[in-house]
Amino acid sequence: MISYDAPDSMSALDAKFEAQKIAFAPIVFQATLALRDLGILEAVRKAKDAGITAEALAEKVGVSLYGVNVLLEVAMSSGIVRCVEGQFILTKTGYFLVRDDLTRVNMDFVNDVCYQAMFNLKDSIVEQKPSGLKVFSDADTIYEILATLPEKAKKSWFDFDHFYSDISFPEVLPLVFASKPKKIMDIGGNTGKWATQCLQYDEDVEVTIVDLPGQLNKAKENLEAAGLTHRMHFHEANMLDEKNQLPKGADIIWMSQFLDCFSLDEIVSILKRAKAAMTEDSRIYIMELLWDRQKYEAAAYSLHNISLYFTCLANGNSKMYHSAELLLCIERAGLTVEKQIDNIGISHSLITCRL
């Protein structure tokens, strides 16, 4: 697992260079996005090891030679391309920037959802509220306005959310259905992707989605299109309101990428209400991205930065949690951890709880 206790062995010169990378990071990000979206990186990729000149690139992508040159110079110093006798060749880093789905989804999410909002990060930290959300709305949380976000931002938000969970769903379905549940309650069901997969996996199961009105309407629309609403139920609830109790009778209570949307005290409150809806045979399945349970440093790095999306935009008080934080919430709610499985999909953990 990831550790951050290694001694600082970097030279002062290298450390100062790393500091400059951070200082100019926003500019490098936008330059890289322009290189990608203008088709420059793809054109360099297609040229393979033979490379391609700046002049040929300018003609191919329809951008001035000046524009191509200033972007390529940033790309060279950032390790995205290399230049051999005037021919530009894509590096491995450049390849992932232009062809890797995970990198594309992350970049779109950062640019379309987070970038402008992050100017307000310091205010969010000081005021303990999502000050960056004013870029889109005067709402208290982003979840209230997901359905009405500008189309580009909305697409990038849902693409980001679904990318991580969709890869994990096929792996966890057999685990969840091993006990042959008849009723599943999906808290924070969003657009209904998990519900759809459950209904398609088992023709006898019924699913109840618990969510805010905007998300429920989208879920209904998607499930109607799939012809699956006859085994669906919809329960409107704002889980921040402790008066909102959960319907009883579910064999499985499912929460995927849901609890990270709440503060620790709010998580305890939600788990207590889930506990009140359980029977002795019920189980709660919590699927989360826990930063200390990652195999790769890149995954933990991503999760630490995603936490600031919650700080600045989502709600101002939640984050991607360390496993110990979440396990303590489960204990405080009076639940018992029955099993924990790490390294599901890209980087999920699945925690099973019982009474």
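This text goes with the structure placed above it.
Residues numbered from 1 in each chain as written. Predicted model: local features only at pLDDT ≥ 70, side-chain atom pairs only at ≥ 80, totals over all residues. Heavy atoms only, no water.

Engineer: Explain the overall build of the chain to me, and be specific about the residues and the numbers.
Structural biologist: The secondary structure content of the chain amounts to 14 helices and nine strands. In terms of overall size, the chain behaves like a compact globule, its C-alpha atoms giving a radius of gyration of 23 Å where 355 residues would be expected to give roughly 20 Å. Once the C-alpha set of the chain is aligned to its principal axes, its extents read approximately 70 × 50 × 40 Å. Taken over 355 residues, the chain has a buried fraction of 48%. Taking contacts inside the chain between residues at least 6 apart in sequence as the whole, the part at least 24 apart equals 67%. Of the roughly 18100 Å² that the chain leaves accessible, carbon and sulfur atoms contribute 53%. (Helix = DSSP H or I, 4+ residues; strand = E, 2+ residues; numbered from the N terminus. Rg over C-alpha atoms; globule rule 2.2 N^0.38 Å. Buried < 20%, exposed > 50% of the residue type's maximum accessible area, 1.4 Å probe, protein only. Contact = heavy atoms within 4.5 Å. Areas by Shrake-Rupley, 256 points an atom, 1.4 Å probe, with all protein chains shown as cover.)

Engineer: Which residues make up the packing of aromatic side chains, and what are the values?
Structural biologist: A complete count under the given rule lists 14 aromatic pairs for this structure. The interplanar angle of 70° and the centroid separation of 5.1 Å between the aromatic rings of Phe 109 and Tyr 309 together place this pair among those described as edge-to-face. Of this pair, Phe 109 sits in helix α7 (residues 101-114) while Tyr 309 sits in helix α13 (residues 297-314); the two residues are 200 residues apart in sequence, bridging distant segments of the chain. Ring geometry for Phe 163 and Tyr 164: centres 6.0 Å apart, planes at 80°, overall edge-to-face. No difference in accessibility class separates Phe 163 from Tyr 164, as the two residues are buried. Put simply, the rings of Phe 109, Phe 160, Phe 163, Tyr 164, Tyr 309 and Phe 310 pair up and form one aromatic cluster. Residue placement shows Lys 21 over the ring face of Phe 17; its charged tip is 4.7 Å from the ring centre. (Phe/Tyr/Trp six-rings, centres within 6.5 Å; stacked < 30°, edge-to-face > 60°. Lys NZ or Arg CZ within 6 Å of the ring centre and 35° of its normal.)

Engineer: Mind laying out the pattern of salt bridges, listing which residues take part and the relevant values?
Structural biologist: As enumerated under the stated definition, the model contains 17 salt bridges in all. Taking the shortest distance from any N to any O, the salt bridge between Arg 104 and Asp 101 comes out at 3.8 Å. Remark: Asp 101 and Arg 104 occur in helix α7; sequence separation between them is three residues, near one turn of the helix. Overall, Arg 104 belongs to the partly exposed group, its relative accessible area being 33%. Asp 101 sits in the partly exposed class, given a relative accessible area of 43%. Arg 354 is paired through a salt bridge with Glu 338; the nearest N and O atoms lie 3.9 Å apart. With Arg 354 in strand β9 (residues 348-354) and Glu 338 in strand β8 (residues 336-344), this pair connects stretches of sequence that are 16 residues apart. (Salt bridge = Lys/Arg side-chain N within 4 Å of Asp/Glu carboxyl O.)

Engineer: Residue-level account of the side chain of Arg 36, with values.
Structural biologist: Relative to the assigned elements, Arg 36 resides in helix α2 (residues 25-37). Taking the relative accessible area as the measure of exposure, Arg 36 reaches 16% and is therefore buried. If we skip the residues at most four places from it in the chain, Arg 36 touches Leu 41, Leu 97, Arg 104, Met 107 and Asp 108.

Honestly, it's all geometry; don't read function into it.
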